[in-house]
Structure formats: structure tokens, C-alpha cells
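Commentary on secondary and tertiary structure
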Amino acid sequence: MGEATDKASVAGFVEEVLDGSGWELSRVKRRSSRLEPPDSYWTLFDIAINKDEEERRLRLVAKGALNPAAWERLSSQLVVHGGEDRRCDPIGGLGYPKLFPESKHAYWFYPFDPAMPGLSEAADPVRMARLLVGLDGDNTSDILSVARRLEIERVRYMPEISAILRYRLDSPAAPVDIYGKVQPGNRGLRTNRIVNALWQASKNHPGYLKLPRQLGFVDHLGLLLEERVPGLPVSGHRANTEFRHLGHAAAEALAVIHESKIEVDAVINIEHELARLDRVAEQFTYVLPTGHFLLTDLIAHMRDRLRKTQMEEILPTHGDLKYDQFIHHNGEFTLIDFDYFAMAETSYDLGKFCAYTVPSTPRDWRESVAAEETRASFIQRYMELRPGATLQRFAVYEALQLALRAMAAMWSQSSGWERVAETFLVMAFERLKTRLPG
């Protein structure tokens, strides 16, 4: 599988696709990888091609199955959504998948995606010009005129998970600068409803929770549109001013969400989360036996702690509260990405935010100190706003998230991931035995 999805194999495939087009391959760069033992593995590549003085950047996905059953599922899905006879043409058409049954892997180019069939249309200037400006199908010349002035930027693409696009149209008649997020199914519609409800809840606590404005959901594309939030995501540099100030703002945002009384169908259950860790522990046996033993022991201690504590209050929660879910601008923080919004015990998002303050590879001791200060300010501010909150399981939830960070390190297969995974698991033990700061 490594050979089938390495840079040399990808370069050879791209050169075949480009043959006769006049375009030449100039660079292949691996951007990210994800290992999901025992079933699958995928890698996302940045492909640079040139023709005369023009250069283009393509995204190619190399995905492989690690057993026959997984290949049957993958190949069936790709055939249904991509067809067997459609040409892979990322230059003049669409980069439909190319399957290699012998090695059980496949290639495809963004914006094709088997889990998000609307993505190719959401990335098409002509189709999006009609949708964004509201032109009908008879105004062909007007549609093409708008399409030539519409810039669609690929902000982020996670194969089969989501894609974020930025739409910019410089026009006095119809200025556009908005973001779109494509996801499988109707997840965007659900997010649209949740954020609109949170806007109403935030009015009861002015200044505590800033949100992006939702502009609508395009059902047939699975596309959620929202206003562009000025500023930049909070970076992972723990010693930066915005990171140090984030704890206070994140606590206020979460307190508003917890008090919002919004009810949704999804419920995060701690037993289900631990069962997930059981599966992760088995995955570690394939690639890092030490991680398997550490995680198995940790899970046993977490279950013991749960037996000794009562269930906390079940509240609406963000579901993915981390530092990089906040946009900072002029000292203010806007919370984004409500895809995982659910009902959960009070400590779920508190534990998640705190677990992600910890740097995976700190540059020096200052980053570690800043992370601890941000964690403490977050907890203290939350407890000031909700002094009656039930937090007896906080240590379990923080340990849970540190264990999941170890899992993410394993999946990434980036250089040095073994040390990072072990560090997170050891820290999870420490947090499980540590008192709540305050």
C-alpha cells in the first residue's frame, strides 16, 4: 500500500493523465495522510503542473483498502458515484476515479468526491454564478460574464469529510465575499438551524458569544453558505497574545451554549466514547504496541472513575471546542464550526478545550506554561459564570480527549508520531489523577 500511494507512483499516474494535453508535471507534494487500521489508508497530494508560463495546482487523493472487504466497499462506492468508463480529466473536465484492483487502491482529483457529489458543482464558477447572483438559465451571456469575475478559492479539503470554499465577486451590483462548506448529506442544514437558534440565545448575553451569520443552505449541493468572518483562526502558538486571551472568551461562549436550552437529536455518550477507545486500542496493536498497553490501562482507570461518580447534567454543547475553532480580530473572538453540536455532559467540551491547549511539540518551556495558564483561565471563568455546574467527571473527559489526540497522531503517520502519541497517553493518566484547578 505504501508503494501504491507514494510520490513516485502518484507522479507516474499524473504524467499518464497529462499525456498529450501540453501540461507537464512540475511537483508532487504530500499534504496529509490518514491511517484507519485495519481497513483503509489515504493520502492527499498537492500537484503542481505547468504549460508555457501558466501554472495550476491540483489536489489528488490516493486511497487504498487494507483488506478485501474494505476494497469491495471502496470500489463499489467509487463506481456508483464516478462510473467505470468516465475519463479522469482534471484539466478540461473532472478528475473521476481510477481504480487499481490488483493493489486495492484508487486515485481521484478534487473536486470529485464519492461522499460529496455536489462538490464539483459548488466549485464550478458558471453554476455558482447563477446561484449566487440569482440569474436564470436564459441569461447565458450574463451568467458567463459573472462567472469570469467570480473567484472560487479552495480553503480546505478533507476527502469524504468536508470542503470549505471562499467565493469572491468584485462587482458594484452584486458584491460577494462569503464562505461555503460542502458536507455529506444534510449536515449543513442541521448546522444552519443550530447557529440560527444560537443567535437568539446570544441576545440574552450580549458580547459573550460571537457567531458567523448563516446565509442559507443549498440542498442539492449539500452546501452551507455563511458570511465571511474578518480575522484569522487562533494559531497553535501558545505564547501568542490571542491564545493567552482565548481561555476567557471560550469560557463565555461555552457558558452561553450551555444555557441556550437548544435540544438536538445527537447525544454524546461517555460509554460510547470509551467503546471507541477500545477499538483504537486494537488499532494501536498494528503500529505501536506500547500505545496499545498504555491506552488499555487508561481505559480501565477511566471506567473505574466513572463508576465512582454520578452522571453530570446533559446540556447542548459545541462538540468540537478547540482553539482553532475561534477567529480573532481586534481583540474579539468568533466561534465557528458547529457540525458536531450535540447534547452531552457538562464537562465534555470543557475537557476537550483543555486537552487541546496542550501543544503536541512545544518549541520551548514558554509554550507549555502559556498552555497551562490558558487552561486555568478557561476553567476559572466558566466556573464564575456557572458556579453550580456539575463537573465531577471533568478529569475523565479531559483524559478522553488526550487519548483521542493520541489516536489522531497515529492516524496521521507524520514523522515522530509515536512519541507524540505516547506523550498524550501519559499526560491523560496525569490529568485523570489531578484535581480540577480553581
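No experiment lies behind these values; they were computed from the predicted model shown.

This part covers the sheet that holds strand β9 (residues 214-218). Adjacent strands of a sheet pair through backbone hydrogen bonds, lying either parallel or antiparallel. Within the open sheet, the 5 strands sit side by side as β6-β7-β8-β10-β9. Their pairing is antiparallel. Each edge of the open sheet is held by one strand with a lone partner, namely β6 (150-158) and β9. Strand-to-strand twist of the sheet, defined as the mean angle between neighbouring strand axes without regard to direction, takes the value 20°. Across the face of the sheet, helix α4 (residues 125-133) comes into contact with β6, β7 (162-169), β8 (176-182), β9 and β10 (223-227) while running at roughly 105° to β6. Sheet strands touched by helix α6 (residues 187-202): β9 and β10. Its angle to β9, the strand with the most contacts, is close to 155°.

Let us look at the sheet that holds strand β1 (residues 24-36). What the 5 strands build is an open sheet, ordered β1-β2-β3-β5-β4; its pairing is antiparallel. Strand pairing shows two members of the sheet lacking a second neighbour, β1 and β4 (98-100), which therefore form its edges. Between one strand axis and the next, the sheet turns by 20° as a mean value, whatever way the strands run. Across 5 bridges, strand β3 (residues 54-65) lies against strand β5 (residues 105-109) in antiparallel orientation. Each bridged residue has a counterpart across the sheet, and for Lys63 the counterpart in β5 is Ala106.

Counted at 1.5 Å a residue, the expected span for helix α11 (residues 365-385) with its 21 residues is 30 Å, and the 31 Å between its end C-alpha atoms agrees. Structurally, α11 contributes buried residues whose contacts are with α7 (241-258), α10 (347-357), α12 (394-412) and α13 (417-432). Where α11 begins, the side chain of Asp364 points an oxygen toward the backbone nitrogen of Arg366, at a separation of 2.9 Å.

Here the focus is the side chain of Glu226. Looking at the secondary structure, you find Glu226 in strand β10. Buried and unpaired, Glu226 has no salt bridge, with Lys181 as the nearest side chain of opposite charge at 7.7 Å. Excluding residues within four positions of it along the chain, Glu226 makes contact with Ile178, Tyr179, Pro212, Arg213, Gln214 and Leu215.

Mapped onto the secondary structure, Pro172 falls in the loop between β7 and β8. When its relative accessible area of 86% is taken as the criterion, Pro172 is described as exposed. The spacing of Pro172 and Glu273 is 101 residues in sequence and 51 Å in space, taken between C-alpha atoms.

Quick look at α12 now. For an α-helix, 3.6 residues make a turn, and residues three or four places apart therefore share a direction. Along its 19 residues, α12 runs 27 Å from first to last C-alpha, staying within 8% of the 27 Å computed at 1.5 Å per residue. The buried count for α12 comes to 17 of 19 residues, which makes it a mostly enclosed element.

Judged by how many residues are buried, β9 sits mostly within the fold: 4 of 5 residues are covered. Both β9 and β10 contribute to a ladder of 4 bridges, which runs antiparallel. The partner of Gly216 across the bridge, within β10, is Leu225. Where β9 folds back on β10, the antiparallel hairpin that results is connected by 4 residues, among which Gly222 adopts a positive phi of roughly 65°.

All right, on to unusual backbone geometry then. The phi torsion of most residues other than glycine is negative, and most of the peptide bonds are trans. Omega for the peptide link from Tyr110 to Pro111 comes to 15°, which places this bond in the cis form. The residue Pro111 is located in the loop between β5 and α3 (119-122) in this model. Positive phi, close to 60°, is recorded for Asp52, a residue that is not glycine. Following the sequence through the fold, Asp52 ends up in the loop between β2 (40-51) and β3. The phi angle at Lys261 is positive, at roughly 65°, despite the residue not being glycine. Structurally, Lys261 can be placed in the loop between α7 and α8 (270-287).

We now examine the environment of His81. Mapped onto the elements of the fold, His81 is located in helix α2 (residues 68-82). On the basis of relative accessibility, which here comes to 35%, the residue His81 falls in the partly exposed class. Each C-alpha atom, one on His81 and one on Glu430, is 47 Å from the other, the two residues being 349 residues apart in sequence. Beyond its immediate chain neighbours, meaning those up to four positions away, His81 contacts Arg86, Phe112 and Pro114. Here Pro114 takes part through its backbone oxygen, which lies 3.3 Å from a polar atom of the side chain of His81.

The rules behind these values
- Residues numbered from 1 in each chain as written.
- Predicted model: local features only at pLDDT ≥ 70, side-chain atom pairs only at ≥ 80, totals over all residues.
- Heavy atoms only, no water.
- Pairing = 2+ DSSP bridges.
- Helix = DSSP H or I, 4+ residues; strand = E, 2+ residues; numbered from the N terminus.
- Axes fitted to C-alpha atoms, helices over the stretch in contact; angles between N-to-C directions.
- Contact = heavy atoms within 4.5 Å.
- Expected span 1.5 Å × (residues − 1).
- Polar contact = N/O pair within 3.5 Å; in protein donor to acceptor, adjacent residues only side chain to side chain.
- Buried < 20%, exposed > 50% of the residue type's maximum accessible area, 1.4 Å probe, protein only.
- Lys, Arg positive; Asp, Glu negative; His and termini not counted.
- Salt bridge = Lys/Arg side-chain N within 4 Å of Asp/Glu carboxyl O.

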